[in-house]
Amino acid sequence: MSSRKPIRKAVFPVAGLGTRFLPATKAIPKEMLPIVDRPLIQYAVDEAREAGIEQMIFVTGRGKSAIEDHFDIAFELEKTMSDRGKSLDVLAPTRLGPGNCAYVRQQEPLGLGHAIWCARGIVGDEPFAILLPDELMHGQPGCLAQMVAAYDEVGGNLISVIEVLDEEVSSYGVIAPGAKISQALTEVTGLVEKPKRGDAPSNKIISGRYILQPEVMRTLEDQEKGAGGEIQLTDAMARMIGEQPFHAVTFDGRRFDCGSKTGFVEATLALALEREDMGPEVRRIAERLLAD
Ligand code: G1P
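Scope of this entry: the structure provided in the associated data block. It should be emphasised that the depicted structure is a prediction, and the values quoted were computed from it without experimental measurement.

A separate point is the overall build of the protein chain. Helices and strands together make up the secondary structure of the protein chain, namely ten helices and 13 strands. Along the three orthogonal principal directions, the C-alpha set of the protein chain runs to about 60 × 50 × 40 Å. When each of the 292 residues of the protein chain is scored for burial, the buried share is 50%. Contacts in the protein chain between residues at least 24 apart in sequence constitute 75% of all its contacts with a sequence separation of at least 6.

Here you go:
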């Protein structure tokens, strides 16, 4: 048994305006757009639950109340379904349990670092996870479960990374890798948010999953604006390197960047093709479309 403090809480920053998906996201939060038949946020919550997270903390904003409704009991719906003899199993993942979810608003879009800082009172003085729902991490075990296993080994702070093409690095946070600890685990010696292609220390990017020590909240407190004029989580983490251990976990699985339209379509297709109930039919449809 590990003597480390368990990771019980996860923060989901979901306050973004989703302008890249307009007009679809004018009245619906981006995180509620479905990949096949589950909203994007559900994939991240399921991944967190699988990793042993007990409390889900959503950093929301105006116009995001559909997320709260999604993780609540829908009495009329459930009553009607029960009266008609329909199974409620399909709704089970949307149940978070009394007191197991918390919502806090980020009032202004000041950046990811600021969004995380808005959750400081609920996170308190314990290590916690962060999941960016735009990044759909598809693996067995899930990405956060892989990270929790690594955390049991090395503790400290952990970031999930994947390798991308050189021309893609400038859209992400990038790590400077240090010593290799094991097949999946590498020390992190530096971090830079959205570097120019030539300035990137590697092509290993932060893929939206973090396990961080609570000190990051104090670092974020006086974090100055960085890339894009926003308060960046990456910059705060970079300042902690040297004071606290930082490791990168290379994700063993498939990752879809659902923050982009093509990534969203790719995820939809890939997950539909994998499904027993519809995979063969979707394959036939895709083949027919490609042949046209
Ligand atoms: C954020 C992080 C970045 C990370 C990315 C993953 O960027 O700041 O470090 O690589 O998510 O998707 P954003 O997508 O908010 O620009």
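After presenting the structure, the write-up continues.
If you check the shell around the ligand, you find Leu112, Leu132, Glu135, Tyr172, Gly173, Glu193, Lys194, Ile206, Gln232 and Thr234 and nothing else. Side-chain polar atom of Lys194 to an oxygen atom of the ligand: 2.6 Å apart, as the coordinates give it. With respect to the ligand, the backbone of Ile206 contributes an N or O atom lying 2.6 Å from an oxygen atom. For the shell around the ligand, the class distribution of residues is four nonpolar, three polar and three charged.

This part takes up the pattern of salt bridges. What the rule picks out here adds up to 20 salt bridges. Between Lys64 and Glu31 there is a salt bridge whose closest N-O contact spans 2.8 Å. Of the two residues, Lys64 is situated in the loop between β4 (55-60) and α2 (65-70) and Glu31 in the loop between β1 (9-13) and β2 (34-35); the sequence distance between them amounts to 33 residues. There is no split in this pair, since Lys64 and Glu31 are both buried. Asp46 is the partner of Arg49 in a salt bridge, and the nearest nitrogen-oxygen pair spans 3.1 Å. With Arg49 and Asp46 both in helix α1 (residues 40-50), this residue pair falls three residues apart, about one helical turn. For Arg49, a relative accessible area of 31% gives the class partly exposed. Bridged by salt links that share partners, the residues Arg8, Lys9, Glu54 and Glu126 form one connected network.

Once that is clear, we can look at the state of the cysteines. If you walk through the whole model with that rule in mind, you get zero disulfides. For the unlinked cysteine Cys101, the closest cysteine sulfur is that of Cys118, found at 18 Å.

If you look at the biggest cluster of nonpolar residues, it comprises 38 residues, and the most contacted ones within it are Phe12, Phe58 and Leu144. Listing elements by their share of this core, those giving two or more residues are β1, α1, β4, β6 (128-131), α6 (143-154), β8 (157-163) and β11 (204-212). Here this core takes seven residues from α6, the largest share from any one element. Dropping the residues within four chain positions of it, Phe58 is found in contact with Phe12, Val14, Ile41, Val45, Ile67, Phe71, Leu96, Cys101, Ala102, Tyr103 and Val104. Counting 30 residues, the second largest nonpolar core, distinct from the first, contains Ile57, Val188, Leu191 and Met237.

The buried fraction of helix α8 (residues 233-240) is high, at six of eight residues. Residues Leu233, Thr234, Asp235, Ala236, Met237 and Met240 constitute the buried set of α8. Among the residues trailing α8, Gly242 stands out with phi positive, at a value near 105°.

A separate point is the side chain of Thr25. Checked against the element boundaries, Thr25 lands in the loop between β1 and β2. Here Thr25 falls in the buried class, since its relative accessible area comes to 7%. Among the polar contacts listed, one links the side chain of Thr25 to the backbone oxygen of Gly18, at a separation of 2.7 Å. Apart from residues lying up to four places away in sequence, Thr25 is in contact with Leu17, Gly18, Lys30 and Leu33.

What counts as what
Along each chain, residues carry numbers from 1 onward, in the same order as the chain's sequence is written. Selection of residues for local features in this predicted model requires a pLDDT of at least 70, selection of side-chain atom pairs for listing and counting requires 80 or more, and totals for whole chains, interfaces and linings are taken over all residues. Neither water nor hydrogens contribute to the side-chain values; these are computed over all heavy atoms in the structure. Only DSSP runs of H or I reaching four residues or more are called helices, and only runs of E reaching two or more are called strands; each is numbered from the N terminus. The cut-offs for exposure are 20% and 50% of the maximum accessible area for each residue type, with area from a 1.4 Å probe on protein chains only; residues under the lower value are buried, those over the upper are exposed, and the others partly exposed. Note on contacts: a residue pair qualifies if any of its non-hydrogen atoms lie within 4.5 Å across the two residues. One heavy atom within 4 Å of a molecule or strand is enough for the residue carrying it to be called near that molecule or strand. Residues adjacent in sequence count toward polar contacts only when both atoms are side-chain atoms; beyond that, a polar contact is any pair of N or O atoms within 3.5 Å, and within protein one must be able to donate a hydrogen and the other to accept it. The nonpolar class holds Ala, Val, Leu, Ile, Met, Phe, Trp, Tyr, Cys and Pro. Asp, Glu, Lys and Arg form the charged class, and all remaining residues, Gly among them, are polar. A side-chain nitrogen of Lys or Arg and a carboxyl oxygen of Asp or Glu constitute a salt bridge if their distance falls within 4 Å. Throughout, a disulfide means two cysteine sulfur atoms within 2.5 Å of one another. As used in this record, nonpolar core signifies buried Ala, Val, Leu, Ile, Met, Phe, Trp, Tyr and Cys residues forming a set joined through side-chain atoms within 4.5 Å.

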